[in-house]
Amino acid sequence: MKDEKTSRRERRRRRLRNQILAYLVMIIIVAMVLTAGYFGARIVIDYVNDYNEKVNRVIEEAESSVAEEQDSEPFIEEESESSSDELEGYKPPVEEDPLNTLIESLLSDMTTEEMIAGMFVVTPESITGVGTAVQAGDGTKAAVTENPVGGLVYAPKNFNTPEQFTEMITKTRSYSKYRIFTIVRAECGSTDFGLEAAAKVSELSDPENARQSYSAIASKIASYGIDMNLAPAVDEFLLGEAAGSDASMAAAFVNMAVQAMQEAKVSAVLQKFPGAEAGTKTLEELKNSEFAVYAAAIQGGVDCIMVSHIQVNSITGDDTPSSLSPVMVSDMLRSTLGFQGVVVTDYLDDSAITDRYSSAEAAVAAIQAGADLLLSPEDYQEAYEGVLQAVTDGTITQERIHDSIYRIYCVKYKNVIESL
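Note that the structure is predicted; figures quoted are calculated from it, not measured. (Residues numbered from 1 in each chain as written. Predicted model: local features only at pLDDT ≥ 70, side-chain atom pairs only at ≥ 80, totals over all residues. Heavy atoms only, no water.)

Visitor: Summarise the overall build of the chain; cite the residues concerned and give the values.
Guide: Scanning the chain for helices and strands turns up 19 helices and eight strands. Of all 420 residues assigned to the chain, the portion counted as buried reaches 49%. Total accessible area on the chain stands at roughly 19,400 Å², and carbon and sulfur atoms take up 49% of it. (Helix = DSSP H or I, 4+ residues; strand = E, 2+ residues; numbered from the N terminus. Buried < 20%, exposed > 50% of the residue type's maximum accessible area, 1.4 Å probe, protein only. Areas by Shrake-Rupley, 256 points an atom, 1.4 Å probe, with all protein chains shown as cover.)

Structure below.
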């Protein structure tokens, strides 16, 4: 009977937690849709950050109530044979994954068109048509409403002052129907985006120094509302003075950098896979050098990895850029190295791509290769229409699009769930 009481209590606690999670999903969706205006996104952000305390308090109160209810129930002794019959064949219920439940709920309301748009990361200029975006007004609101892209990548030219940059990002977030990535590239030694001068990557003396440097970077850019950094760069660590060409030492530096950023709720984008010298190396040489660094970072939980446009004929057998190659993305990065996070392409407006492919061709090829986020195509509208047509005619399945959006949303919402 004691086991039955415990099981009943656990079932009630699970129901309460599921109800609370349902409320979280509903509140996030409603808040994101209804919030608008100057302070809209800040309200959502503050609410999510404060929600942990509220949910924990509700759970504690609910558990206390359940405990009191259970304690007040009269104990009725039953025959052991009857209890045994009831428990025969009993299997404990499988606990639901809160992150999975949240994401599936969000994705269930998205159209295929919205999912496809959500796989693109673009510059604010590419969808607003302005020369240099330094503020977010009606033009930005119309742009992100018409183009519900997965993220916006900002350059140093978009930054004037911390106040201006924060206001632009806050308002942009408030205009977006769906949660978006706000992205910069901020490495050690850079003074872009208001960062203080510090040692360059190649000058970092030890892994702990790397942690401190990237922690400071993440703290600064997160204060603006940035949640993804196109860093760190593996090649710079492998060629740095401290690590040299020692893959194990470079891996230690990289892992410290990644952990420091992600602990500050800024997703790291490890880049670029494979490196600049990959085209001159054999697979065995790569496994003993940069691939070992990526493997360690994957084991350490890096959120994203950027795939370069480097051609690696010794592995692929042709001159396909790695970013568009199923061999490099699906076989090497996914299967061989075991990466299950978000794969980001290198900039698709690079001449290495535009000289050989149209925006539509490159976008479709990148998805077929296994990429999730398509970074800065030369012509976003053409790229989007190309992917939509590929899904319509069956060249790319809807399941393939769903898989990428699921991975993207795992990164977008993991910090929300982890804070509960």
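Visitor: Provide a residue-level description of unusual backbone geometry, including the pertinent values.
Guide: Here the bond from Gln 271 into Lys 272 is cis, since omega is -15°, no more than 30 degrees from zero. Relative to the assigned elements, Lys 272 resides in strand 5 (residues 267-273). At the junction of Phe 273 and Pro 274, the peptide bond is cis and its omega measures out at -10° in the coordinates. As for its placement among the helices and strands, Pro 274 is situated in the loop between strand 5 and helix 12 (283-287).

Visitor: Give a detailed account of the nonpolar core, specifying residues and quantitative values.
Guide: One finds Phe 120, Phe 165, Tyr 214, Ile 401 and Tyr 409 to be the most contacted residues of the largest nonpolar core, which totals 118 residues. A total of nine residues in this core trace back to one element, the largest contributor, which is helix 11 (residues 247-263). In contact with Ile 401, not counting residues within four places along its chain, are Met 115, Ile 116, Met 119, Ile 367, Val 387, Val 391 and Ile 396. (Core = buried A, V, L, I, M, F, W, Y, C linked by side-chain atoms within 4.5 Å. Contact = heavy atoms within 4.5 Å.)

Visitor: Quick rundown of the environment of Val 411? Include the residues and the values.
Guide: Relative to the helices and strands, Val 411 is located in helix 19 (residues 398-418). Linking Val 411 and Phe 181, residues 230 residues apart in sequence, is a C-alpha distance of 9.6 Å. Once residues within four sequence positions are removed from consideration, Val 411 is found in contact with Phe 181, Ser 267, Asp 303 and Val 342.

Visitor: Residue-level account of the sheet that holds strand 5, with values.
Guide: Taken together, the eight strands give an open sheet; going across it, the order is 7-6-5-4-3-2-1-8, and neighbouring strands pair in parallel fashion. The outermost strands of the open sheet, each flanked by one partner alone, are strand 7 (342-345) and strand 8 (374-375). Pairing between strand 6 (residues 304-307) and strand 7: four bridges, direction parallel. Across the sheet, Ile 305 pairs through a bridge with Val 343, a residue of strand 7. On top of the sheet, helix 13 (residues 290-299) reaches strand 5 and strand 6; it is set at about 160° to strand 5, its chief contact. (Pairing = 2+ DSSP bridges. Axes fitted to C-alpha atoms, helices over the stretch in contact; angles between N-to-C directions.)

Visitor: Now, about the pairing of strand 6: what can you tell me, with residues and values included?
Guide: Of the two faces of strand 6, both are covered, the one formed by Cys 304 and Met 306 as well as the one formed by Ile 305 and Val 307. Direction of pairing for strand 5 relative to strand 6: parallel, over a ladder of three bridges. If you follow Val 269 over to strand 6, its bridge partner there is Cys 304.

Visitor: Describe the pairing of strand 3 (residues 181-184), with residues and values.
Guide: The alternating pattern of strand 3 places Phe 181 and Ile 183 and Thr 182 and Val 184 on opposite faces, both of which are buried. What joins strand 2 (residues 151-153) to strand 3 is helix 8 (residues 162-175), and the crossover it makes is right-handed. Sheet analysis places strand 3 next to strand 4 (residues 228-229), joined by two bridges and oriented parallel. Considered in strand 4, the bridge of Ile 183 is made with Met 228. With helix 9 (residues 207-224) bridging strand 3 and the parallel strand 4, this β-α-β connection has right-handed handedness. (Right-handed = clockwise from strand over helix to strand, strands pointing away.)

Visitor: Tell me what's going on with helix 4 (residues 98-107), and back it up with residues and numbers.
Guide: Of the residues making up helix 4, those classed as buried are Leu 99, Leu 102, Ile 103, Leu 106 and Leu 107. Burial along helix 4 is one-sided: seen end-on, the buried residues are contained in an arc of 125°. (Arc of directions from axis to C-beta.)

Visitor: With reference to specific residues and values, describe the packing of aromatic side chains.
Guide: In total, this model carries 13 aromatic pairs according to the counting rule given. Centre to centre, the rings of Phe 159 and Phe 165 are 5.3 Å apart; their planes meet at 70°, and the pair counts as edge-to-face. There is no split in this pair, since Phe 159 and Phe 165 are both buried. Seen from their ring centres, Tyr 380 and Tyr 384 are 6.1 Å apart, and the 35° between their planes marks the pair as tilted. You can see Tyr 380 and its partner Tyr 384 sitting in helix 18 (residues 380-392), four residues apart, about one turn around the helix. Accessibility classification places Tyr 380 together with Tyr 384 in one group, the buried group. Put simply, the rings of Tyr 154, Phe 159, Phe 165, Phe 193 and Tyr 224 pair up and form one aromatic cluster. The aromatic ring of Tyr 413 is capped on one face by Arg 179, whose charged end is 5.3 Å from the ring centroid. Over the aromatic face of Phe 181 sits the side chain of Lys 412, whose NZ or CZ is 5.0 Å from the ring centroid. (Phe/Tyr/Trp six-rings, centres within 6.5 Å; stacked < 30°, edge-to-face > 60°. Lys NZ or Arg CZ within 6 Å of the ring centre and 35° of its normal.)

Visitor: Give a description of helix 15 (residues 326-336) that names residues and reports values.
Guide: Those residues of helix 15 that sit buried are Met 328, Val 329, Met 332, Leu 333 and Arg 334. What you see down the axis of helix 15 is that its buried residues fit within an arc of 165°, all on one side. Positive backbone phi, at 80°, marks Gly 338, one or two positions downstream of helix 15.

Visitor: Report on the packing of helix 11 against helix 13, specifying residues and quantitative values.
Guide: Where helix 11 contacts helix 13, the axes come no closer than 9 Å and their chain directions differ by 35°. For helix 11 against helix 13, the interelement crossing comes out right-handed. Facing helix 11, whose interface residues are Ala 247, Ala 250, Ala 251, Val 254 and Asn 255, helix 13 presents Ala 292, Val 293, Ala 296 and Ala 297. Partitioning the contact of helix 11 with helix 13 into residue classes produces eight nonpolar, one polar and no charged. (Left-handed = near helix turned anticlockwise from the far one by under 90°. Nonpolar A, V, L, I, M, F, W, Y, C, P; charged D, E, K, R; others polar.)

Visitor: Which residues make up the pattern of salt bridges, and what values go with them?
Guide: All told, the structure shown has eleven salt bridges when counted by the stated rule. Note that Glu 114 and Lys 177 form a salt bridge whose closest N and O atoms lie 3.1 Å from each other. With Glu 114 in helix 5 (residues 112-117) and Lys 177 in the loop between helix 8 and strand 3, the pair connects residues that are 63 residues apart, well separated along the chain. Glu 114 gets classed as buried once you look at its relative accessible area, which sits at 14%. On the accessibility criterion, Lys 177 (45% relative accessible area) is partly exposed. Of the charged contacts, one joins Glu 187 and Arg 185 as a salt bridge, the two residues approaching to 3.9 Å between their closest N and O atoms. Owing to a relative accessible area of 8%, Glu 187 belongs among the buried residues under this scheme. In the salt-bridge network here, residues are joined through shared partners; they are Arg 185, Glu 187 and Glu 236. (Salt bridge = Lys/Arg side-chain N within 4 Å of Asp/Glu carboxyl O.)

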